[in-house]
Each structure stands twice: as C-alpha cells, then as structure tokens.
Amino acid sequence: MRTSAISAALLLAAAPLAGQGREIVVSLYGGGADHLVYLEESPSAWFMPGYALGASVGVQLNKKFGIHGDFTYTRNDVQGTGPIVGGDVNRFYYGVHAEYRFPMGNGKWNPFVFGGLGAVSIDQLNPEAFDPTTRPALMFGGGVFYQIPASRVEIMGEIKGLTYNWNMAGFDRTMLDVTYVVGVAYRFVVGHSKEGAQ
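Below or above, wherever it landed, is the structure these notes cover. Please read all numbers here as calculations on a predicted model, not as lab measurements.

Basis of the calculations
- Residues numbered from 1 in each chain as written.
- Predicted model: local features only at pLDDT ≥ 70, side-chain atom pairs only at ≥ 80, totals over all residues.
- Heavy atoms only, no water.
- Helix = DSSP H or I, 4+ residues; strand = E, 2+ residues; numbered from the N terminus.
- Contact = heavy atoms within 4.5 Å.
- Salt bridge = Lys/Arg side-chain N within 4 Å of Asp/Glu carboxyl O.
- Buried < 20%, exposed > 50% of the residue type's maximum accessible area, 1.4 Å probe, protein only.
- Polar contact = N/O pair within 3.5 Å; in protein donor to acceptor, adjacent residues only side chain to side chain.

**Comments concerning the environment of Pro 83**
Here is step 1 of the chain: Summarising the element assignment, Pro 83 is placed in the loop between β5 (65-80) and β6 (88-101).
Here is step 2 of the chain: Here the alpha-carbon distance between Pro 83 and Gly 170, two residues 87 residues apart in the chain, equals 8.1 Å.
Here is step 3 of the chain: Filtering out sequence-adjacent residues up to four positions away, Pro 83 remains in contact with Pro 127, Ala 129, Ala 169 and Phe 171.

Structural data, given as structure tokens:
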C-alpha cells in the first residue's frame, strides 16, 4: 500500500513537466545495502550488509539536468548487543533529488551526481523492539548510465548515501547508510515539444 501511494505521487509530480514534451526516465534497480556508522560502539551493535531494491521516475529538463523521485527498500540484520539484536530491520526511503549528468561518448556514457531530500520509514517485525517510525533524510551520490545503441534502454550503476537520525530502542545516532545497485532505465517522451531536450 505504501509503495503504491509513493509510485502514484511520483507519477503525478512528473505529469505537468511531461506535458511539455520532457523526457521521462523510469529506472528499476537492486543490489546491496550497508552502514558506515554503528548504532553503538560500546557495547557494540551494528547492521550487517543486506540488500536493496528500488525504483525511480524522473523528468529530464535538458541533457544535463533532471529531477527524480525515488523509492528504495533495504533490509539488514542486526548483530551485537541490545534490544533489537537478532532481527531484520526494514527501511523504506522515498524522496526527490536533483541530478546532473556529464554526457560522454556521443551521449552513450552519462556519469552523474545527485543530491536531495526525503524521508525514511523504519520498522522491525521480530523482535519488535520499537514502534514503526519515519524520519527526515538526506540523500546524495552518483553513478553512471550507459545507453544501449539504437534503443531507449540504459544500463545503470549507482552508489547512494542516506543520512538520518536514529533515536529508538535506546540508541541515538546520526546514521549513514549506503546502497550500491545496478539496474535498467527506460526513456520516453510524453507530450509535444518544439525543441526537445537541449
């Protein structure tokens, strides 16, 4: 239900710009999820490497700038000492970011960087050491797109950092989570444009 609401919101946000003949970019990706900050150093508690799945919908304003809404799900096991140890923690990241591309090789290779704002919803089912909660989050990162010749399909790789405050289950830390993913993207134009993307 949460995922459907987020997807609908992203599509509605993209609709006004799409009507101007802008290029729409839809991406699906998956990979790993890790953490660069322990919940606690003494006694220690930390998240094990896990996995990430996600999707994004973006509007390409020109050849270099774009606005994207994205959703990323991660799951990580907790090890060490503390009330949440022994169970998987789920995180649902959603937000909007601005993206800047560096076209190379006649536009086939497109390295990019991005930064934006959003939120992260966190829950744990077993043990249920804290109530599900949502926190503001910052996101930043970069990667590369490669456009398959004579097609609208791109192969992508991305590293994303997400930072937010964890103040639950007896811990109070500013977290820094990292996802590293690969995926595919598809580009298409909706509406009409006299000039197209510049």
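Still to come is the rest of the account.
**Side note on the pattern of salt bridges**
Here is step 1 of the chain: Scanning the entire structure with this criterion turns up seven salt bridges.
Here is step 2 of the chain: A salt bridge links Glu 23 to Arg 187, with the nearest nitrogen and oxygen atoms 2.7 Å apart. Of this pair, Glu 23 sits in strand β1 (residues 20-35) while Arg 187 sits in strand β10 (residues 173-191), and the two are 164 residues apart along the sequence.
Here is step 3 of the chain: With a relative accessible area of 6%, Arg 187 lands in the buried category.
Here is step 4 of the chain: Salt-bridge contacts for Glu 99 lead to Arg 101; the nearest nitrogen and oxygen are separated by 3.3 Å. No difference in accessibility class separates Glu 99 from Arg 101, as the two residues are buried.
Here is step 5 of the chain: What emerges from the salt-bridge pattern is a single network uniting Glu 23, Glu 99, Arg 101, Glu 154 and Arg 187.

**Some remarks on the environment of Tyr 94**
Here is step 1 of the chain: On the secondary structure map, Tyr 94 appears in strand β6.
Here is step 2 of the chain: A relative accessible area of 21% places Tyr 94 in the partly exposed class.
Here is step 3 of the chain: On a C-alpha basis, the gap between Tyr 94 and Ala 137 in space is 8.9 Å, while along the polypeptide they are 43 residues apart.
Here is step 4 of the chain: Here Ser 121 takes part through its side chain, which lies 2.5 Å from a polar atom of the side chain of Tyr 94.

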